[in-house]
Amino acid sequence: MVKLENYLGTIQISENFFANLVGYAASHCFGVAGMAPSTKSAGWLKKQILPKKAVRIHSSGDLLMIDLHIIVTYGVNISAIVKSIGHKVRYTVEQATSLHVGKVNVYVDGMLSE
């Protein structure tokens with residue numbers, strides 16, 4: 001749970017909201033085949049969001065740290081995809097919540113040949 005305090009009161013944003021927001025933004029980037037859980041035993045679902053497994057949100061002071069596990073499509077430039085996802089996730093979270101994102105860690109857990 002992330003808490004924001006301003007002159008009007010306190011706003012609480014759930015981790016589930018962040019996971020869905022980040023998962024949606026990342027899964028709609030070019031070259032992303034799906035989201036991957038951070039545990040190997042759960043398997044993976046193509047183009048599905050796995051809130052408490054594929055996305056982890058940490059806070060460090062006033063900054064959010066986001067860990068994201070993805071599966072990419074075979075034949076794409078992985079470094080370009082990771083950079084694109086980082087920018088899109090950062091922009092989406094900052095626009096939706098007005099919170100600052102310190103770092104987006106993107107982990108490529110697999111590759112899907114289509």
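Before any of the text, the structure's been laid out above.
Source: prediction; values computed, not measured. (Residues numbered from 1 in each chain as written. Predicted model: local features only at pLDDT ≥ 70, side-chain atom pairs only at ≥ 80, totals over all residues. Heavy atoms only, no water.)

### Quick word on the overall build of the protein chain
Each helix and strand counted, the protein chain has 3 helices and 7 strands in total. Counting all 114 residues of the protein chain, 38% fall into the buried class. Contacts in the protein chain between residues at least 24 apart in sequence constitute 61% of all its contacts with a sequence separation of at least 6. Carbon and sulfur atoms provide 53% of the accessible area of the protein chain, an area that totals close to 6900 Å². (Helix = DSSP H or I, 4+ residues; strand = E, 2+ residues; numbered from the N terminus. Buried < 20%, exposed > 50% of the residue type's maximum accessible area, 1.4 Å probe, protein only. Contact = heavy atoms within 4.5 Å. Areas by Shrake-Rupley, 256 points an atom, 1.4 Å probe, with all protein chains shown as cover.)

### Section: the pairing of strand E1 (residues 2-6)
Judged from the 5 bridges that link them, E1 and strand E2 (residues 9-13) form a sheet pairing that is antiparallel. Residue pairing in the sheet places Asn-6 in a bridge with Gly-9 of E2. Counting the residues that bridge the hairpin from E1 to E2 gives 2 residues. (Pairing = 2+ DSSP bridges.)

### Quick look at the environment of Thr-92
Residue placement: Thr-92 occurs in helix H3 (residues 78-97). The spacing of Thr-92 and Leu-21 is 71 residues in sequence and 7.7 Å in space, taken between C-alpha atoms. Residues contacting Thr-92, with those up to four places away along its chain left out, are Leu-21 and Ala-25.

### A look at unusual backbone geometry
Excluding glycine, a negative phi dihedral is what most residues carry, and trans is how most peptide bonds are arranged. Residues other than glycine seldom take positive phi values, yet Ser-98 does so here, at roughly 65°. Along the chain, Ser-98 turns up in the loop between H3 and strand E7 (100-112).

### Points about the nonpolar core
Residues Leu-68, Ile-70, Ile-85, Val-89 and Val-93 are the most contacted members of the largest nonpolar core, which totals 28 residues. Those elements that provide at least two residues to this core are helix H1 (15-27), strand E3 (32-35), strand E5 (55-60), strand E6 (63-73), H3 and E7. Among the elements that line this core, the one with the most residues is H1, at 6 residues. (Core = buried A, V, L, I, M, F, W, Y, C linked by side-chain atoms within 4.5 Å.)

By themselves, these figures tell us nothing about what the structure is for.
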